[in-house]
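Structural overview
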Amino acid sequence: MAREGSGRVAYADLLRVFAATAVIVLHVSGGWLGAVSVVSSDFVVLNLWDGLCRWCVPVFVMLSGMFLLDPKHALSPPSLLRHMLRLAAAFVFWGMFYLLLHRYLESGSVSLTDWSAAFHSLLRGNTEQHLWFLPMMLGLYLITPVLRAFVQGARQGSFLWFFLLTAVFTFILPTLLALRPSQTLSLWYGRLQLHLVLGYVGYYVLGYYLQAFTINRFVEYLIYLCGVLGAVGTVWGTLILSRRAGGLVDTLYSYFSPNVAAMAVAVLVLSRYVLGVSDERSRREHLSRAAAYSFGVYLVHVAFLLLLREHGLSTPSVGPLAGVPLVSLAILIPSFFVSWLLHHIPLVGRYLT
């Protein structure tokens, strides 16, 4: 594991860059997917692109937990508050930006009334879809002091029990109930009220665990096998379910499906144990700089996707096999440039990206 002098972990920086790119591919293919027939070859290709990138958001959450929950890294209340202010500022700025961008694309202008309407819409929670990630992470930050106390005092057995509960009640049961509804099972699932292991908390804690503990080769290979099976299940299962229903069924695309969770864990473990980055200083510095702009890329990339859709360029005639990577690249490059520019604005840049 390569660690930078600043305390950054090189493989985590590499994974941030990959995850930001995967988010763009997911949004490009996902927006295209709803416009094609489920029996077409285009659906097969788009489902492949989309399904194989579903690990990206869980990995982002695990990377946050990897550092924020680590007891070796001090996290004072003022420091945690700065993290939360950064998320809140980014949410307000980008929430307003996208609301006004939609207004501009609709009418060709933005008035003072539009600014007021956008602000009130933001207060009601009406934001661009991908910005859901910010208040979700803010919620995780709020419980971070409690989780840090847990990971500091927990033994490995306690972690494994926590992950078992998370697997059953966050991933397995909800997916089974979505595929085969059961009134009785749903009733008791709801009555247990196991909120501690629900939502993204499991991913958050798992990120720390996979960084803090070394796994043996057997477990490592088992994780890779589960990751491959998860990828096959995501793609093949979505294809089968969608063709049976005559329309897209995205149950297995959920970040809380066991197949996506298996992919996400496998990607993180693969990055740590196989794709480790060289300790050469220059390589780590370049990677660290690129990773610093990944959050900004996530925030701004939808703007370029909307602009491409406005001009009919988000679904090129070359087909999805070549079209998805081409459109993704056309979004990634300007998104990275804008993120770089915003990041270098004095005082406020780090709060926007």
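Owing to the predicted nature of the structure, the values given are computational and were not obtained by experimental measurement. (Residues numbered from 1 in each chain as written. Predicted model: local features only at pLDDT ≥ 70, side-chain atom pairs only at ≥ 80, totals over all residues. Heavy atoms only, no water.)

**Considering the overall build of the chain**
Tallying secondary structure elements over the chain gives 16 helices and zero strands in all. A globule of 353 residues ought to have a C-alpha radius of gyration of about 20 Å, and the chain, at 21 Å, matches this closely. With the C-alpha coordinates aligned to their principal axes, the bounding extent of the chain is approximately 60 × 55 × 45 Å. Counting all 353 residues of the chain, 47% fall into the buried class. Of the contacts formed within the chain by residues at least 6 apart in sequence, a portion of 82% connects residues at least 24 apart. Surface accessibility of the chain: about 17,600 Å² in total, with carbon and sulfur atoms responsible for 67%. (Helix = DSSP H or I, 4+ residues; strand = E, 2+ residues; numbered from the N terminus. Rg over C-alpha atoms; globule rule 2.2 N^0.38 Å. Buried < 20%, exposed > 50% of the residue type's maximum accessible area, 1.4 Å probe, protein only. Contact = heavy atoms within 4.5 Å. Areas by Shrake-Rupley, 256 points an atom, 1.4 Å probe, with all protein chains shown as cover.)

**Remarks on the side chain of S294**
Residue position: S294 is located in helix α14 (residues 294-310). Beyond its immediate chain neighbours, meaning those up to four positions away, S294 contacts R16 and A20.

**Regarding the packing of helix α7 (residues 144-153) against helix α10 (residues 201-212)**
Packed helices, taken two at a time, are described by the angle their axes make and the gap between the axes. It is at 11 Å that the axes of α7 and α10 come closest, and there the two elements cross at 45°. As far as their axial angle goes, α10 and α7 are oblique. The handedness of the crossing between α7 and α10 is right-handed. In contact with T144, L147, F150 and V151 of α7, α10 contributes V201, Y204, V205 and Y208. The class makeup of the residues in the contact of α7 with α10 is seven nonpolar, one polar and no charged. (Axes fitted to C-alpha atoms, helices over the stretch in contact; angles between N-to-C directions. Parallel < 35°, antiparallel > 145°, perpendicular 65-115°, else oblique. Left-handed = near helix turned anticlockwise from the far one by under 90°. Nonpolar A, V, L, I, M, F, W, Y, C, P; charged D, E, K, R; others polar.)

**As for the environment of F295**
Following the sequence through the fold, F295 ends up in helix α14. Between the C-alpha atoms of F295 and V232, which are 63 residues apart in sequence, the distance is 29 Å. Those residues in contact with F295 that sit more than four places away from it in its chain are R86, L87, L134 and T353.

**Describing unusual backbone geometry**
In terms of backbone geometry, most residues other than glycine have negative phi values and most peptide bonds are trans. Within the chain, Q193 stands out as a residue other than glycine whose phi angle is a positive 55°. Relative to the assigned elements, Q193 resides in the loop between α9 (183-192) and α10.

**Structural notes on the environment of V302**
Here V302 lies in helix α14. On the basis of relative accessibility, which here comes to 7%, the residue V302 falls in the buried class. Residues V302 and I331, 29 residues apart in the sequence, show an inter-C-alpha distance of 8.3 Å. Those residues in contact with V302, other than ones at most four positions away along the chain, are H27, Y98, E128 and H130.

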